[in-house]
2 protein chains.
Amino acid sequence: MNIILLSGGSGTRLWPLSNEVRSKQFLKIFKAEDGTYESMIQRMYRMIKDVDPQATVTIATSQNQVASIHNQLGSDVKISIEPCRRDTFPAIALATSFLVKNGVSEDDVVVVCPVDPYVNRDYFECLKRLSDEAKSGASKLTLMGIEPTFPSPKYGYIIPETAEEVATVREFKEKPDTETARGYIRQGALWNGGIFAYRLKYVLDIAKTRFHTDRYDELFAHYGELEKISFDYAVVERESSIRVIRFHGEWKDLGTWNTLPDAMSDVTSGNSTAVECENTHVINELSIPLIAMGIRNAVVVATPDGILVADKDTSSKLKGYAAEVALRPMYEERLWGEYKVLDYQVDANGENSLTKELIIHAGKHLSYQSHSSRSEIWTVANGEGEFLLNGEIRRVSRGDSMHIREGEKHAIRAITELRIIEVQIGHELVEEDIVRYPYTWAD
Amino acid sequence: MNIILLSGGSGTRLWPLSNEVRSKQFLKIFKAEDGTYESMIQRMYRMIKDVDPQATVTIATSQNQVASIHNQLGSDVKISIEPCRRDTFPAIALATSFLVKNGVSEDDVVVVCPVDPYVNRDYFECLKRLSDEAKSGASKLTLMGIEPTFPSPKYGYIIPETAEEVATVREFKEKPDTETARGYIRQGALWNGGIFAYRLKYVLDIAKTRFHTDRYDELFAHYGELEKISFDYAVVERESSIRVIRFHGEWKDLGTWNTLPDAMSDVTSGNSTAVECENTHVINELSIPLIAMGIRNAVVVATPDGILVADKDTSSKLKGYAAEVALRPMYEERLWGEYKVLDYQVDANGENSLTKELIIHAGKHLSYQSHSSRSEIWTVANGEGEFLLNGEIRRVSRGDSMHIREGEKHAIRAITELRIIEVQIGHELVEEDIVRYPYTWAD
């Protein structure tokens, strides 16, 4: 089975756990059987491999998720990187051509599904049925229709011709109001979860018509110029040969604080204590302790990005407020490890300082770089490494400090895991103030 | 008027705002008329001086509050320092002898009151009446009796002979249950708020009998050996000549999260947003943003010591839980300024590191000191100062870093306000690892 997992953008609906660079699919909130925690994307990937060890999985996403994906799924996973955001049809066309470039036949089929619903093994069995159905050629496009558990106004609806397990689609309906949704359900409508299967050639032909090419290299090179158009509009609405397979297992959308906690294995995580709380979930990613007492039906979430204390029902209004208070990202995973902002001070004269903790994994290194508007003072709090400054290498370890002035080229490689406290000083302290240089570390 | 303000110990009932070294009386939560914020002790001190500009105020407290008191009340305020904790009678006897040492006549009177109730101008007028009544000599001890507003089980009760404004005391009652309290109130009982006035000589004589001295120097020198005994037990219960003055103004005990918010001027403070909350107070002393949404009847408090989210009624159970999670103090006021712990890491090998932000006020300096079990790396994030290392002084400013190795003598003086990021590295990172040396800074 070939699968394209759509790993969508971050948002503020799960602030402060998600931020500009950290999306909900990377949050480690599910306890696996072995007691370790895994994220949505890890859980999804593991379950696909459980059901079909031969499955080839391609993740369609943007550049800023690449580090998180490799950190969580290993370096072997295939990623179709969207150079910029262009809506779902260009993304799916690009990923489809990426499969061809990686040796999948145009006559083979692929299943496309989002990375973020919470599902169980039966979902993946259903994906296989989608794949098989698409292979049979009975229709051009095969969708999964999820049996609704309530008249939700949040989803589009698929109305099939019959109530059979596999049926042709009579009609698609946009997100309705609750009353209309009730009517649809009486007619036998199913939720449209954006899960579908097709023969590669089918989408490549549409890409060729619309973009004048179906070749990966060309689609990638001109991605920024491709028309912004959704898969629904470019494909689904223009196709008469569509079938739907019913899915009646568990399928949860975990995109808000009202729904996410239902899927969390633990009521508290991190350095947290909950006393006489009811239906309240506490997540603490800070090192300071958190106590919740006598709180009902709420989520309490503390991360380097901020603190949220919200009634679950009210939390749907979070988006606007979170966008307003959101700072620069205070925590980020990188290919070399991760960083956390400890302190950020802006003074009236623009004399800013930013204190960060960097964790660099053993064997990894920061790129060789310089900054034009800031100096940096690094102190090794733990570990050993090689520090490169203006072409000269020296060994550093716990307790050493390094002074990097504006414009000086620098890098560091971790021999054992390095923990560094970095103080940035300058007028403009932004991630974008960076020039990178090539450098080859000796073995 | 002579006043002794008893500035009691810290506690965990207001965690995480209060900690081992930071007590509720120093929290700046009241908005003064000029829009600035003041603490309980500042408000109390200011109001005493408003009512009686000639009042001599002595604060009886322990050593660890001295820096906070001088920072908040200036360097002129008189402090009777208890070398260790010995209960209320030794503390009051010491403070009384301290007044004599400072030139107050033994025949003069003093009013003793706690620093932490929330009161208004009429309270201070009543203190004056207490002082005048004690001067009259009608009784040995004059108490304030607060007219109860409800049958509280939290206070002791005073039962006066008559309902007159000034009456002799018939009986004292220990903290009762609510039902018994109701009965006391029917008998005309008053709350005992621990506010009383006496002629200095009266208490000094009791001290002489009990401790064989009434001299300040001797009481101070042998303080640790003095009997641990309460003022109630040593004085009040043995005295038949006691009068009580009724007080019917506002008097609020702000010692718990259930009562403190009533006196706070603002519903939110710091970088906080409250959306659709009811009867909910939010205090955020962290630099990251905090959002509270749809929360009712709760307090949300975030400080470097921890985060509390508590239903106000449930918060009375906080004490035990807070004591359990309490870390080393993460924020402390010092004579030279203040510090905040940004990060604290303990690893399995005992290779610890602690990152602090120090603010040193212009003109102030750290004492000349060394540490046997840690090295420190300082980075100047802002300001200018003079750095003293092993007897040599050099000028430092924004962007400079200093490496202080184990055993090296060091100090720093702020020319303009200094903000320093300090990384401590060592096996034992405690405030007690310090040796101080004399040093005289040149002008």
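Residues numbered from 1 in each chain as written. Chains lettered and ligands numbered in written order. Predicted model: local features only at pLDDT ≥ 70, side-chain atom pairs only at ≥ 80, totals over all residues. Heavy atoms only, no water.

Student: It is not clear to me how the relation of the copies chain B and chain A should be interpreted in this structure. Could you clarify?
Tutor: Relating one copy of the chain to the other takes a rotation about an axis and a shift parallel to that axis. The two copies are related by a screw motion: chain B maps onto chain A through a turn of 180° and a shift of 0.1 Å along the axis, at an RMSD of 0.1 Å. What the superposition gives is, in effect, a two-fold axis relating one chain to the other. When C-alpha positions in chain B are compared against the rotation axis, the closest is assigned to Leu-342 of chain B, at 3.0 Å. (Least-squares fit on C-alpha atoms with pLDDT ≥ 70 in both.)

Student: I would appreciate a short explanation of the environment of Asn-120 of chain A in the present structure.
Tutor: Residue and element names in this part refer to chain A. Locating Asn-120 in the fold gives a position in the loop between strand E7 (117-119) and helix H4 (121-136). A residue is classified by how much of its surface remains accessible, and Asn-120, at 25% relative accessible area, is partly exposed. Between the C-alpha atom of Asn-120 and that of Glu-106, which follows or precedes it by 14 residues, the distance is 30 Å. Excluding residues that lie within four positions of it along the chain, Asn-120 makes contacts with Arg-43, Met-47 and Glu-250. A polar side-chain atom of Asn-120 sits 3.3 Å from a polar atom in the side chain of Arg-43. (Helix = DSSP H or I, 4+ residues; strand = E, 2+ residues; numbered from the N terminus. Buried < 20%, exposed > 50% of the residue type's maximum accessible area, 1.4 Å probe, protein only. Contact = heavy atoms within 4.5 Å. Polar contact = N/O pair within 3.5 Å; in protein donor to acceptor, adjacent residues only side chain to side chain.)

Student: Please explain the interface of chain B and chain A as it appears in this structure.
Tutor: How big an interface is tends to be stated in terms of accessible area lost as the parts join. Contacts between the two partners involve 60 residues from chain B and, on the opposite side, 60 residues from chain A. The interface formed by chain B and chain A holds 4 salt bridges in total. The closest approach of N and O atoms between Asp-343 of chain B and Arg-419 of chain A, which form a salt bridge, is 3.8 Å. By residue class, the composition of the side of chain B that touches chain A is 31 nonpolar, 17 polar and 12 charged. (Salt bridge = Lys/Arg side-chain N within 4 Å of Asp/Glu carboxyl O. Nonpolar A, V, L, I, M, F, W, Y, C, P; charged D, E, K, R; others polar.)

Student: When you look at the packing of aromatic side chains in this model, what are you seeing that I'm missing?
Tutor: The description of two aromatic rings rests on the distance between their centres and on the angle between their planes. For the structure on display, the rule yields 38 aromatic pairs over all chains. Residues Phe-196 of chain B and Tyr-198 of chain B carry aromatic rings whose centres are separated by 6.2 Å and whose planes lie at 25° to one another, so their mutual orientation is stacked. One aromatic cluster is present, built from ring pairs that chain together Phe-89, Phe-196, Tyr-198, Phe-211 and Phe-231 of chain A. When the ring centre of Phe-30 of chain A is taken as origin, the NZ or CZ atom of Arg-43 of chain A, which lies over that ring, is 5.7 Å away. Over the face of the ring belonging to Tyr-339 of chain A we find Lys-356 of chain A, whose NZ or CZ atom lies 3.8 Å from the ring centre. (Phe/Tyr/Trp six-rings, centres within 6.5 Å; stacked < 30°, edge-to-face > 60°. Lys NZ or Arg CZ within 6 Å of the ring centre and 35° of its normal.)

Student: Is there a simple way to explain the side chain of Ser-370 of chain B in this structure?
Tutor: All names here are of chain B. In this structure, Ser-370 sits in strand E23 (residues 368-370). Residue Ser-370 is classed as buried on the basis of its relative accessible area of 5%. Those residues in contact with Ser-370 that lie beyond four places of it in its chain are Gly-407, Glu-408, Lys-409, His-410, Asp-433, Ile-434, Val-435 and Tyr-437.

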